[in-house]
Amino acid sequence: MHEKDTPTLQTQAYEALRRALVFSRYKPGERLVPKRLCEELGLGRTPVREALVLLQQQGLVSTVPQSGTYVSKIDMRACEDARFARECLERQVVIECCAKATKADIAGIDAIIAQQEKAVLAADELAFFEFDNLMHETFFIIADRAPLWDWLNMGNVHYERFRWLAVLTSGVEWDIVMDQHHKIRDAIAAHDTNEASYLTSRHLRKAHIDYHPISVSHPEYFTEG
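A short tour of the structure in this document, coming up.

Definitions and limits used
- Residues numbered from 1 in each chain as written.
- Predicted model: local features only at pLDDT ≥ 70, side-chain atom pairs only at ≥ 80, totals over all residues.
- Heavy atoms only, no water.
- Pairing = 2+ DSSP bridges.
- Helix = DSSP H or I, 4+ residues; strand = E, 2+ residues; numbered from the N terminus.
- Core = buried A, V, L, I, M, F, W, Y, C linked by side-chain atoms within 4.5 Å.
- Buried < 20%, exposed > 50% of the residue type's maximum accessible area, 1.4 Å probe, protein only.
- Contact = heavy atoms within 4.5 Å.
- Axes fitted to C-alpha atoms, helices over the stretch in contact; angles between N-to-C directions.
- Parallel < 35°, antiparallel > 145°, perpendicular 65-115°, else oblique.
- Left-handed = near helix turned anticlockwise from the far one by under 90°.
- Nonpolar A, V, L, I, M, F, W, Y, C, P; charged D, E, K, R; others polar.

One ladder, built from four bridges, connects strand 2 (residues 61–64) with strand 3 (residues 68–71); its direction is antiparallel. Each bridged residue has a counterpart across the sheet, and for valine 64 the counterpart in strand 3 is glycine 68.

Following this line, the structure appears as structure tokens:
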């Protein structure tokens, strides 16, 4: 979000629950008990209930009548569609970054890469994952497309869940990812639109290649078909 106002209680509940679902705190098929969620979040029933409705609309949870609300499995089609949409949009975004990025913007990217390098040294996969997302969000901000990132973020929950599951399963290929990040940064700084677009596409296409081994290792996380 890019709002100056204090987040609403519903927003707080939604963001906390989305984070817990993305980072596998709650597993597919697990029943979510509203009373317990309220206690964990320190929030009332209304914002938690409203957050669950929004999460259901995004396919993260499902409600079974007379039974309860359960964590959904990862929808592979939705995952790939989200990855594809992000690849197509972000390729254009980095092209715009090449035209708009200032020295201060490049310094901002460098600061994020420095944080990523600290995460690598500490073998902190969660921090690295979050700084990775921050770097890509920064591209949208530089290109003056921040609302587009928010829109993508609302629809990429299955993709995010898959990416984190891949980290849990195979770890992070630190050297490869950091090399790609440095090259994308350098292409933007050099205003090389063709190189920036190509490198971004290659970087985001990697998840498509990784689908099969992850789904085989964790079949219980995925919808069939």
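Counting 33 residues, the largest nonpolar core has Cys97, Ile109, Phe128, Phe139 and Ile188 as the members making the most contacts within it. Among the elements that take part in this core, helix 6 (residues 125–142) stands out by supplying seven residues, more than any other. Excluding residues that lie within four positions of it along the chain, isoleucine 188 makes contacts with Val94, Cys97, Cys98, Ala101, Ile106, Phe139 and Ala196.

Turning to the packing of helix 6 against helix 7 (residues 146–155), a few remarks are in order. It is the contact of helix 6 with helix 7, at a shortest axis distance of 7 Å, that shows an interaxial angle of 135°. For the element pair helix 6 / helix 7, the angle class is oblique. Judged by the twist between their axes, the crossing of helix 6 over helix 7 is right-handed. Here Asn133, His136, Glu137, Phe140 and Ile141 of helix 6 lie close against helix 7, whose contacting residues are Ala146, Leu148, Trp149 and Leu152. Grouping the constituent residues of the contact of helix 6 with helix 7 by class yields six nonpolar, two polar and one charged.

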